[in-house]
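Working through the structure, step by step
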Amino acid sequence: MMEVRTRFAPSPTGFMHVGNLRSAIFAYLIAKHYNGKFILRIEDTDQTRKVEGAIDFIYNTCNLCGLIPDEGPSNGGAYGPYIQSERLHLYQEYAHKLVEMGQAYYCFCTEERLEELRAKAEANKVPFLYDRHCKNLSKEEIEQKINNGEKYVIRQIMPKTGLSVYNDLVYGEMTFENKLLEDQILLKSDGYPTYNFANVIDDHLMDITHVIRGNEYLTSTPKYNHLYDAFGWEKPIYIHLPMVVDYDLKKLSKRHGAASFMDLYNNGYLPEAVVNYLSLLGWSPETTEEIFSLEELIKVFDPSRINKAPAVYDVKKLNWVNSHYIKKLSLDELVKITLPHLKETYDLSDKSNEWIRHLIEIYHNHISYGKEIVEVTDLFFKKDITLDEECLEFMNTGDSRKVVNSFYNHVKNITDWTIENIVDSINKTKEEAGVKGKNLYMPIRIMVSGQMHGPELPDTIYLLGRDAVTDRLSK
Ligand code: GLU
C-alpha cells in the first residue's frame, strides 16, 4: 500500500481555535494509525488576513499537544518549502501550464467591469458568475494587452453542464450542479495564487493521500476536483469532519470564551486531556472507553468511525476528562498549573510556601482545571463567610449548634496548632455532643468554610488558622 500522507494546513489568521486543533489531531492520528507521515503546511497566501504571531501559536500548540510533524516549516522535508508564501513560483508555473494545456485563460477584465456585472446580477436576482468575456481572446490580443501593461488574472475553464460527484469518507456521495461553477481565478493580478488553487497544487505536489479538514470545505471540493482533472492528477481521499458546535448548535467561534487552545492551556487545562477530549468530537471508539493517551488513540483511531452529526463542544465533559488527568499529576506539577492563578488573585505575601503547597494539595481531587483553584479556595482569603439557605437549614436542625459550641471550646484551647490536635478536638466534640458522622462534621464544616462539601476537614481547619476558625465559630 502507498504511504499515507496527511497534512494540517492552517492559515495563520489568529489564535488556534479548538476546531482547528481537532482537525490537526484527526490528521495526525490517521497518519500515525497507518504508519504514515503527518505534514504541517502554513497557508498564508492571503496576506490581508495574516495575524502577527499566529504562526508561533500554531507551532506551540502542535508541540504542546505532541502533534509533531514529520515534515513542516521547522524541520523541513523533501517536499518543502512548507510555507505557501515561499512557493509562489510554483503556483505561477502551474497556472501558466494550465493555460498552455487549454484549461485556463488570461482575463483582463477590470474591477469596474466586474462590478457592473455583479450589480446587474444582483438587480436580476441571479447569482453572479463571470461571463467568460476574455475566454476567446486571440494570441495576438493577449500579447498586445500584456505588452500594454494591462493587468490580468488566470481563470480556469469550468464545466457548465452536468453534475460533479465525489465521495467523502464521512459524508458519502456528494453531488453538485456544474452550472453553478464559476471560471475560478487561479492566479491573481499581483501574482499571488487564490487560496483554492494553492491548496490543490500543494496537496498534489506534497503527495497528500488523505485530505482531512472541516466540513465547510465540502462545497469547495468539486472545484478542487476539476483542478485535479484538468491536470490529470489523482485525487486524494476526502475526509471532511463534522462541525464543532456550541450547546445551541451554532458553530463554535471565538465568542466562546476558552475556545482557543492557548486560552485553555493558560487556564490550566492539560494538553493531553484537551487532545483526548477533542479526539472524541465527531469520533468514537468501538468500546465505551473515553480516556485515551495519544499512543492509545493512534492504535484505536479508525477513520470510518467518524460521525457526520455536528459535534457539541461540551465544557462539562472537557472538565471531566481534564480532572481525570489532573488527578494523575504530582504535587509539583499541580502547583505549576495552579500557583500562578492563586498569585494573580490573592495576596500571598504572608503565606509560607509550605502553607500554599498544602492548600493546593488538599484540592488535588476537587478541581478540574488549574484556574479553578481560585474559586474553590476563596474561603481561605476572605474575612467573612455567608451561609446559604441550605447551610442555614442544616444549622437549625438537630444538635448542630451544640456541636459547634463544643468544638469551639476545644479548639480555642489548642496550644500547639497541629492537625493531630485538631483531630483530637473533633473527637472530644464527638464524645461531648454524642453525635457522629455527618451530624458531627457538617456543622463544623459549615461554620468554618460556609460550605457543605470540601476537602478534608482537619486540613481545612489547620490551614484556615486558629484566629479565622475561632472567629467564624464564635459567630
Ligand atoms: N487553510 C485552511 C484553513 O485554515 C485549511 C483547509 C484545508 O485543510 O484544506 O481552514
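Above this text is the structure in question.
In short, a report on the structure. (Residues numbered from 1 in each chain as written. Predicted model: local features only at pLDDT ≥ 70, side-chain atom pairs only at ≥ 80, totals over all residues. Heavy atoms only, no water.)

1. Digging into the site of the ligand
Going by this rule: Only a single heavy atom is needed: when it lies within 4 Å of a molecule or strand, its residue is near that molecule or strand. Two N or O atoms form a polar contact when they lie within 3.5 Å of each other; inside protein one atom must be a possible hydrogen donor and the other a possible acceptor, and for residues adjacent in sequence the pair counts only when both atoms belong to side chains. Residue exposure ignores everything except the shown protein chains as possible cover, and the areas themselves are Shrake-Rupley values with a 1.4 Å probe. For each structure, a 1 Å grid was placed over the protein atoms alone; sets of points admitting a 1.4 Å probe that cannot get out are labelled cavities, open sets with protein on both sides within 12 Å along at least five of seven lines are labelled pockets, and lining residues have an atom within 4 Å of a point. Molecule-in-pocket calls rest on the fraction of atoms, with more than half required to lie within 2 Å of the cavity or pocket grid points.
The local shell around the ligand consists of R7, A9, P10, S11, E43, Y195, N199, R213 and Y217. Here N199 contributes a side-chain N or O atom positioned 3.0 Å from an oxygen atom of the ligand. In the model, an oxygen atom of the ligand is placed 3.0 Å from a nitrogen or oxygen of the R213 side chain. Summarising the interface, the protein chains cover 88% of the accessible area of the ligand, which totals 300 Å² for the free molecule. In a pocket analysis with a 2 Å cut-off to the grid points, the ligand is assigned to the largest pocket.

2. Comments concerning the side chain of Q84
Note the cut-off: Here a helix means four or more residues in a row that DSSP labels H or I, a strand means two or more in a row labelled E, and each is numbered from the N terminus. The contact rule is simple, with two residues in contact once any of their heavy atoms fall within 4.5 Å.
With respect to the element layout, Q84 can be found in the loop between α2 (54–65) and α3 (88–100). Within the local environment of Q84, its side chain forms a polar contact with the side chain of E43, the two groups lying 3.3 Å apart. Those residues within four positions of Q84 in sequence are excluded, and the remaining contacts are R41, I42, E43, D44, T45, Y91, A198, N199 and D202.

3. Focus on the nonpolar core
Applicable threshold: Only buried residues count toward a nonpolar core, which is a set of Ala, Val, Leu, Ile, Met, Phe, Trp, Tyr and Cys residues joined through side-chain atoms within 4.5 Å. For every residue, the accessible area (1.4 Å probe, protein chains only) is compared with the maximum for its type, and the residue is labelled buried under 20%, exposed over 50%, or partly exposed between those bounds.
L67 and Y313 are the most contacted members of the largest nonpolar core, which has 145 residues in total. Broken down by element, this core gets its largest block of residues, 10 residues, from helix α1 (residues 18–33). Setting aside anything within four residues of it in sequence, one finds L67 in contact with L21, A24, I25, Y28, F38, C62 and L294.

4. Some words on the pattern of salt bridges
We count it as follows: The term salt bridge refers to a side-chain nitrogen of Lys or Arg lying within 4 Å of a carboxyl oxygen of Asp or Glu.
Per the stated rule, a full pass over the model turns up 23 salt bridges. Across the pair D202 and R87 runs a salt bridge, and its minimum N-O distance is 2.8 Å. Of the two residues, D202 sits in helix α6 (residues 195–205) while R87 sits in the loop between α2 and α3, which places them 115 residues apart along the sequence. D202 gets classed as buried once you look at its relative accessible area, which sits at 0%. Owing to a relative accessible area of 1%, R87 belongs among the buried residues under this scheme.

5. Remarks on a negative patch on the surface
We apply this condition: Only residues above 30% relative accessible area that lack a salt bridge enter a patch, with like-charged residues linked at up to 9 Å and the nonpolar side chains Val, Leu, Ile, Met, Phe, Trp and Tyr linked at up to 5 Å. Charge assignment: positive for Lys and Arg, negative for Asp and Glu; neither His nor the chain ends contribute. Where a charge lies is defined by one atom per residue type: Lys uses NZ, Arg uses CZ, Asp uses CG and Glu uses CD.
A cluster of acidic side chains, namely D388, E389, E390 and E393, defines a negative patch on the protein surface. Structurally, E389 is set in helix α15 (residues 389–395).

6. Details of the packing of aromatic side chains
Heads up, the condition is: A pair of Phe, Tyr and Trp rings is counted when the ring centres sit within 6.5 Å of each other, with Trp represented by its six-membered ring. The angle between the planes then sorts it: under 30 degrees is stacked, over 60 is edge-to-face, the rest tilted.
A complete count under the given rule lists 21 aromatic pairs for this structure. Relative to Y238, the ring of Y166 has its centre 5.6 Å away and its plane inclined at 70°; by these criteria the two rings are edge-to-face. Taken together, the residues span a long stretch of sequence, with Y166 in strand β5 (residues 163–168) and Y238 in strand β9 (residues 237–241) at a distance of 72 residues. On the accessibility criterion, Y166 (6% relative accessible area) is buried. Residue Y238 is classed as buried on the basis of its relative accessible area of 3%. Site record: aromatic cluster; members linked through ring pairs are Y346, W355, Y363, F380 and F381.

7. Topic: the sheet that holds strand β7 (residues 185–187)
Formally: Any two strands with at least two DSSP bridges between them are considered paired. Angles here are taken between N-to-C directions and fall from 0 to 180 degrees, while the axes themselves are lines fitted to C-alpha atoms, restricted in helices to the stretch in contact.
Pairing is antiparallel across the open sheet formed by 3 strands, whose spatial order is β3-β4-β7. Whereas interior strands pair on both sides, the edge strands pair on one side only; in this sheet they are β3 (104–107) and β7. Sheet twist, expressed as the mean angle between neighbouring strand axes with direction ignored, is 40°.

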